[in-house]
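Listed below, chain by chain, are the residues.
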Amino acid sequence: MAEAKRRKERARTIESASMYKGPVFEVRRDTVIEPGGVHAQRDVVVHPGSVVVLPIFGDGRVLLIRQYRHSIGGFLWELVAGRKEPHESPVVGARRELLEETGYSARRLRKILDIFPAPGCVSERMWVFAAEGLQEGAAHPEEDERITPKIFTVAQVDKMIRSGRMRDAKSVAGLLYYMRYLKRGR
């Protein structure tokens with residue numbers, strides 16, 4: 001019964017055409033009948049998913065990275081993040097990204113969020129992990145990445161979010177979750 005109800009709550013795809021297919025994502029145009037009977041054409045960016053890592057030190061400070069983002073024409077302070085490879089689990093991808101971008105490894109990774117950053121047009125799912133028991137090592141960023149890591153206190157992060165200096169949605173979500181729900185229990 002529940003399975004039949006879920007099927008009714010999904011759109012029925014009448015037609016689907018790939019408009020663009022690149023190495024990271026695909027753009028698809030779907031003609032659908034949505035729940036409630038709405039007949040619509042939807043353009044969807046199909047993305048394999050991403051992992052996001054919030055490195056937390058024993059004293060509660062966090063590690064952020066700064067990197068240039070061409071799509072917005074500037075630099076952002078962000079949590080560690082990257083595309084999940086098709087063959088890997090989210091936790092394996094999170095460990096890989098943490099090591100690549102910062103050089104740190106973590107004794108413990110704990111999933112804290114599972115979010116869709118832009119569900120209106122992008123299928124991307126993001127798994128957000130808290131990384132604890134950090135051990136420093138050498139970073140191995142991808143060839144096109146220029147990353148600057150920096151450790152921040154919670155007060156500094158809070159000020160960055162309140163002032164609008166931190167503008168990356170996945171990072172704001174992960175850090176606010178940490179400050180609101182995880183930091184209290186430490």
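Quick note: structure is the one above.
Scoring rules and cut-offs
Residue positions within a chain follow its written sequence, with the count starting from 1. It should be noted that, the model being predicted, local features are given only for residues of pLDDT at least 70 and side-chain atom pairs only at 80 or more, the latter also being counted only at that level, while totals for whole chains, interfaces and linings use all residues. Only hydrogens and water are removed before side-chain values are computed, so all heavy atoms of the structure are retained for them. Strand pairing requires that DSSP identify at least two bridges connecting the strands. Strands are runs of DSSP state E lasting at least two residues, helices are runs of H or I lasting at least four, and both sets are numbered from the N terminus onward. Axes here mean lines fitted to C-alpha atoms, for a helix over just the part in contact, with angles spanning 0 to 180 degrees between N-to-C directions. Geometry of aromatic contacts follows a simple scheme: Phe, Tyr and Trp rings, the Trp one being its six-membered ring, pair when their centres are within 6.5 Å, and the pair is stacked under 30 degrees between planes, edge-to-face over 60, tilted otherwise. For the exposure calls, accessible area comes from a 1.4 Å probe over protein chains only, and a residue counts as buried if that area is under 20% of its type's maximum, exposed if over 50%, partly exposed in between. Each ring is checked for a lysine NZ or an arginine CZ that lies within 6 Å of its centre and within 35 degrees of its normal; such an atom marks a charge sitting over the ring. Only heavy atoms enter the contact rule, under which two residues are in contact if any of them lie within 4.5 Å.

### Things to note about the sheet that holds strand β1 (residues 12-21)
- Within the open sheet, the 3 strands sit side by side as β1-β2-β3. Their pairing is antiparallel. Each of the sheet's edge strands pairs with one partner strand only, and the pair in question is β1 and β3 (39-46). Ignoring which end each strand starts from, the neighbouring axes of this sheet average 20 degrees apart.
- In terms of strand pairing, strand β2 (residues 26-33) meets β3 through 8 bridges, oriented antiparallel. Within β3, the position partnered with Arg28 by the bridge is Val44.

### Some remarks on the packing of aromatic side chains
- Inspection of every chain in the model, using the stated rule, returns 5 aromatic pairs.
- A ring pair is formed by Tyr20 and Phe25, whose centres lie 5.8 Å apart and whose planes are at 50 degrees; its orientation type is tilted.
- Residue Tyr20 is classed as partly exposed on the basis of its relative accessible area, which comes to 42%.
- Here Phe25 falls in the partly exposed class, since its relative accessible area comes to 35%.
- Plain terms: the ring middles of Phe57 and Tyr104 are 5.6 Å apart, the flat faces sit at 80 degrees to each other, and that makes the pair edge-to-face. Here Tyr104 lies in the loop between α2 (90-102) and β8 (105-115) and Phe57 lies in the loop between β4 (50-55) and β5 (62-69), a separation of 47 residues in the sequence. Like Tyr104, Phe57 is buried.
- Over the ring of Phe57 we find Arg61, and its NZ or CZ is 5.6 Å from the ring centre.
- Between Arg66 and the ring centre of Phe75, over which it is positioned, the NZ or CZ distance is 4.1 Å.

### Points about the sheet that holds β5
- With antiparallel pairing, 3 strands are arranged side by side in an open sheet as β6-β5-β10. Here the strands that pair on one side only, and so sit at the sheet edges, are β6 (74-78) and β10 (148-152). For this sheet, the mean angle separating the axes of adjacent strands, direction not counted, is 25 degrees.
- Inspection of the sheet shows β5 paired to β6 by 5 bridges, in the antiparallel sense. Across the sheet, the residue bridging to Tyr68 is Phe75, located in β6.
- Strand contacts of helix α3 (residues 154-163): β5, β6 and β10, with the helix running at about 110 degrees to β10, the strand carrying the most contacts.

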